Amino acid sequence: MKVLVWAEHEQGALKDATLSAVTAAAGLGAVDVLVAGDSAGSVGAQAAQIAGVEKVLVAGDAAYAHGLPENVAPLVVALMAGYDAFVAPATTTGKNIAPRVAALLDVAQISEILSVEGPKTFTRPIYAGNAIATVESSDAKLVITVRGTAFAKAAREGGSAAVETVAGTGEAGLSSFVGAEIAQSERPELTSAKVIVSGGRALKDSETFAATILPLADKLKAAVGASRAAVDAGYVSNDHQVGQTGKIVAPEVYIAVGISGAIQHLAGMKDSKTIIAINKDEDAPIFQIADIGLVADLYSAVPDLVARV
Amino acid sequence: MKILVPVKRVLDYNVKPRVKADGSGVDLANVKMSINPFDEIAVEEAVRLKEKGIASEVVVVSIGGAKSSETLRSALAMGADRAIHVLSESEVEPLAVAKILKGVAGEEAPDLVILGKQAIDDDSNQVGQMLAALIGRPQGTFASKVEVEGDAVLVTREVDGGLETVKLALPAVVTTDLRLNEPRYASLPNIMKAKSKPLSTKAPADYGVDTAARLTVLKVVEPAVRQAGVKVPDVEALVEKLKELGVA
Ligand SMILES: Cc1cc2nc3c(=O)[nH]c(=O)nc-3n(C[C@H](O)[C@H](O)[C@H](O)COP(=O)(O)OP(=O)(O)OC[C@H]3O[C@@H](n4cnc5c(N)ncnc54)[C@H](O)[C@@H]3O)c2cc1C
């Protein structure tokens, strides 16, 4: 089987999500990687180093600068004439593009796979991860998105793929990029952090959230996450949300502070290696899955913890 | 402008899903079902655009079993004008849903289609993007802000890195994220009024769509359960644990 993997990149750097997608794709067959963007060349060179990649296709065109699906999907569809499967990371970019590709190819998409069970058989979470379905495709071609936490990252070094330039399909003339507010942070990224400190509704407001959660995150060199309630209330921006409809994370250590543990939140973090919960309510559902629980008022416990680590 | 809002009836988000003993799926017998929360946000957004005088008509459509008409009635009670029920007792996959919606869009000619970014049952996150592809129109997915400007719509999207704004030529497809709005509760008079709003019933075949499944569900199982661990008595004990884990 020949597989085309969508490379996720930002500001000239190949993102880790691509590496998990490559591992998933390698379970299906020979892996080529598509790098689309306005300055795709340097990313193409990075992709060529990924262990196990056979060929890198570089489509450098201003039309692909912001991953607009109206422009990108026709490119992928044209390339799919030579492939059996299209695999994208289940990032907001991958989720935006892949279904558009699938519809144009007239095939079903298999969203957020957790494992490859056979050439056309996969597992995927449904109902916020409260059930795992094994599905088999009957389509001639596959379109798949990959849950990053479910697959090991392919090595960034060790490969020596051929790099080929492909002609772009240009502007569809349907959409344009206006602007972005991308959070800049010195902290580790949520989806690749080893330690995450997350705050919930109990953190009151953005000042309190910052004054309470950030010192602990700094001490533990952790990324900062949040529940939906904390994001809705404006304590932190949307890119911090962990859960069914936010980011899926699986760090070594996840510390939930003032988070009750709704199933939608658990869906995003229950595959963390060690879960620690700090909550003043001993019956909070988060304690049912936490490895280590501390029943305490976070406003005394967290500063105390910061002072001791 | 006319707005089309597709809605789905799903297991209520407050209910913990239970996997059937025979592994064929999730048990939906005698459990509370509701409108998919993201679709409720879509209905709210469309109704607000109507209240602002930007939209003239809001049409809701649902593809599903007989009881999906209840979901349509709840959308009508929120302020939608008219409903279309495409009756199908068997499950319809996202691609076939998108094809049916293409047929509906062909008849209704909406300027904007607003739908939820994902249904909280199958968590597919596909239909909006697929519909946009099939009708050859632009898509603004995961929207936290929608502003109609002449013959275009500005959509602010929640993306992994933060927010991004795109400008789409109308007609366009928008999928909603959680923070687009807070849906209203329908008032009792509006619930009564919704009962007499027009609701037409169709079949997938009316749109020439074959709903045969492309994916076979071989089995559905519960995920591995995590066991509760230990409770530590105080912060000092927690620090010890963090040291053992090598993070402090
Ligand atoms: C369609 C849909 C999608 C959703 N997606 C997500 C998602 O992706 N991610 C997500 O997180 N949620 C999501 N939710 C929301 C989810 O259902 C919960 O509402 C949310 O996770 C609750 O956030 P919370 O735990 O911060 O708040 P709460 O449930 O209010 O919990 C606050 C906790 O703080 C504790 N507390 C209060 N004061 C203190 C104190 N001083 N010290 C210690 N503890 C204290 C309380 O005991 C309580 O347990 C979604 C909901 C829907 C309907």
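Since we're looking at a predicted model, the values are computed, not measured.

Caption draft 1: Looking closely at the overall build of chain A. Per the secondary structure count, chain A includes 8 helices and 18 strands. Scaling as 2.2 N^0.38, a compact globule of 309 residues should have a C-alpha radius of gyration of about 19 Å, and chain A matches this with 21 Å. If one aligns the C-alpha atoms of chain A with their principal axes, the spans along those axes are about 60 × 40 × 40 Å. For chain A, the proportion of its 309 residues judged to be buried stands at 58%. Taking the intrachain contacts of chain A between residues at least 6 apart in sequence as the baseline, contacts between residues at least 24 apart amount to 64%. For chain A, the exposed area adds up to about 11200 Å²; of that, 50% sits on carbon and sulfur atoms.

Caption draft 2: Seen up close, the overall build of chain B. What chain B contains, in helices and strands, is 6 helices and 13 strands. The C-alpha extent of chain B, read off along each of the three principal axes, is 65 × 45 × 40 Å. The 248 residues of chain B split such that 54% are buried. Taking as baseline every contact in chain B between residues at least 6 positions apart, the subset at least 24 positions apart corresponds to 69%. Carbon and sulfur atoms make up 51% of the accessible area of chain B, which amounts to about 10700 Å² in all. Chain B carries 32 positive and 35 negative side-chain charges, and their two centres are separated by 3 Å.

Caption draft 3: Layout of the interface of chain B and chain A. On the chain A side, the residues contacting the 77 residues of chain B number 83 residues. Across the chain B to chain A interface the summed buried area is about 6600 Å²; carbon plus sulfur atoms make up 56%. Taken as a group, Asp 160, Arg 214 and Arg 226 of chain B account for 12% of the area that chain B buries against chain A, more than any other trio of residues on that side. At the boundary of chain B with chain A, the tally comes to 6 salt bridges. Arg 214 of chain B is the salt-bridge partner of Asp 139 of chain A, the closest N and O atoms lying 2.7 Å from each other. Run the count over chain B and chain A and you get 46 residue pairs in polar contact (both at pLDDT 80 or more). Breaking the side of chain B that touches chain A down by element, the ones donating at least two residues are helix H3 (94-108), helix H4 (127-134), strand E7 (139-149), strand E8 (152-159), strand E9 (162-169), strand E12 (215-221), strand E13 (230-231) and helix H6 (235-244) of chain B. A class-by-class count of the residues in the side of chain B that touches chain A yields 41 nonpolar, 14 polar and 22 charged.

Caption draft 4: Structural context of a nonpolar patch on the surface. A grouping of Leu 188, Ile 191 and Met 192 of chain B is seen on the molecular surface, where their side chains present a nonpolar patch of about 300 Å² in accessible area. Looking at the element boundaries, Met 192 of chain B is found in helix H5 (residues 188-194).

Caption draft 5: Inspection of helix H4 (residues 92-105) of chain A at higher detail. Residue and element names in this part refer to chain A. With 14 residues, H4 extends 21 Å between its outermost C-alpha atoms, agreeing within 8% with the 20 Å of an ideal straight helix rising 1.5 Å per residue. Of all 14 residues in H4, 11 are buried, a share of seventy percent or more. The positive-phi residue at the C-terminal boundary of H4 is Asp 106, with phi of around 60°.

Caption draft 6: Looking closely at the sheet that holds strand E7 (residues 109-113) of chain A. Residues and elements named next belong to chain A. The strand order across the open sheet built from 7 strands is E7-E11-E6-E1-E4-E5-E12, with neighbouring strands paired in parallel fashion. Looking at which strands have only one partner, the edges of the open sheet turn out to be E7 and strand E12 (162-165). Strand-to-strand twist of the sheet, defined as the mean angle between neighbouring strand axes without regard to direction, takes the value 25°. Pairing analysis gives 5 bridges linking strand E6 (residues 85-89) to strand E11 (residues 142-146), with the strands arranged parallel. Of the residues in E11, the one forming a bridge with Val 87 is Ile 144. Strands strand E4 (30-37), strand E5 (53-60) and E12 of the sheet are contacted by helix H2 (residues 40-49), whose axis makes an angle of about 175° with E5.

Caption draft 7: Examining the domain arrangement of chain A more closely. Residue and element names in this part refer to chain A. Considered domain by domain, chain A is made up of domain 1 (2-165) and domain 2 (190-308). Computed from C-alpha coordinates alone, the two centres of domain 1 and domain 2 are separated by 31 Å. Opposite the 7 residues of domain 1 that make contact, domain 2 presents 8 residues. Carbon and sulfur atoms supply 53% of the area buried between domain 1 and domain 2, which totals about 640 Å² over both sides.

Caption draft 8: Broad picture of the nonpolar core. With 49 residues, the main nonpolar core has Leu 4, Trp 6, Leu 34, Val 76 and Phe 86 of chain A together with Ile 100 and Leu 101 of chain B as its most contacted residues. Considering every element that reaches this core, the biggest residue donor is H3 of chain B, with 7 residues. Leaving out residues up to four positions away in the same chain, Val 76 of chain A has contacts with Trp 6, Leu 34, Phe 86 and Val 101 of chain A. The next biggest cluster of nonpolar side chains, apart from the first, holds 43 residues, and it includes Leu 28, Val 43 and Tyr 127 of chain A together with Val 19 of chain B.

The rules we used
Residues numbered from 1 in each chain as written. Chains lettered and ligands numbered in written order. Predicted model: local features only at pLDDT ≥ 70, side-chain atom pairs only at ≥ 80, totals over all residues. Heavy atoms only, no water. Helix = DSSP H or I, 4+ residues; strand = E, 2+ residues; numbered from the N terminus. Rg over C-alpha atoms; globule rule 2.2 N^0.38 Å. Buried < 20%, exposed > 50% of the residue type's maximum accessible area, 1.4 Å probe, protein only. Contact = heavy atoms within 4.5 Å. Areas by Shrake-Rupley, 256 points an atom, 1.4 Å probe, with all protein chains shown as cover. Lys, Arg positive; Asp, Glu negative; His and termini not counted. Charge placed at Lys NZ, Arg CZ, Asp CG, Glu CD. Buried area = accessible area lost by both parts, 1.4 Å probe. Salt bridge = Lys/Arg side-chain N within 4 Å of Asp/Glu carboxyl O. Polar contact = N/O pair within 3.5 Å; in protein donor to acceptor, adjacent residues only side chain to side chain. Nonpolar A, V, L, I, M, F, W, Y, C, P; charged D, E, K, R; others polar. Patch = residues over 30% accessible without salt bridge, like charges linked within 9 Å, V, L, I, M, F, W, Y side chains within 5 Å. Expected span 1.5 Å × (residues − 1). Pairing = 2+ DSSP bridges. Axes fitted to C-alpha atoms, helices over the stretch in contact; angles between N-to-C directions. Domains from an automatic or database assignment. Core = buried A, V, L, I, M, F, W, Y, C linked by side-chain atoms within 4.5 Å.

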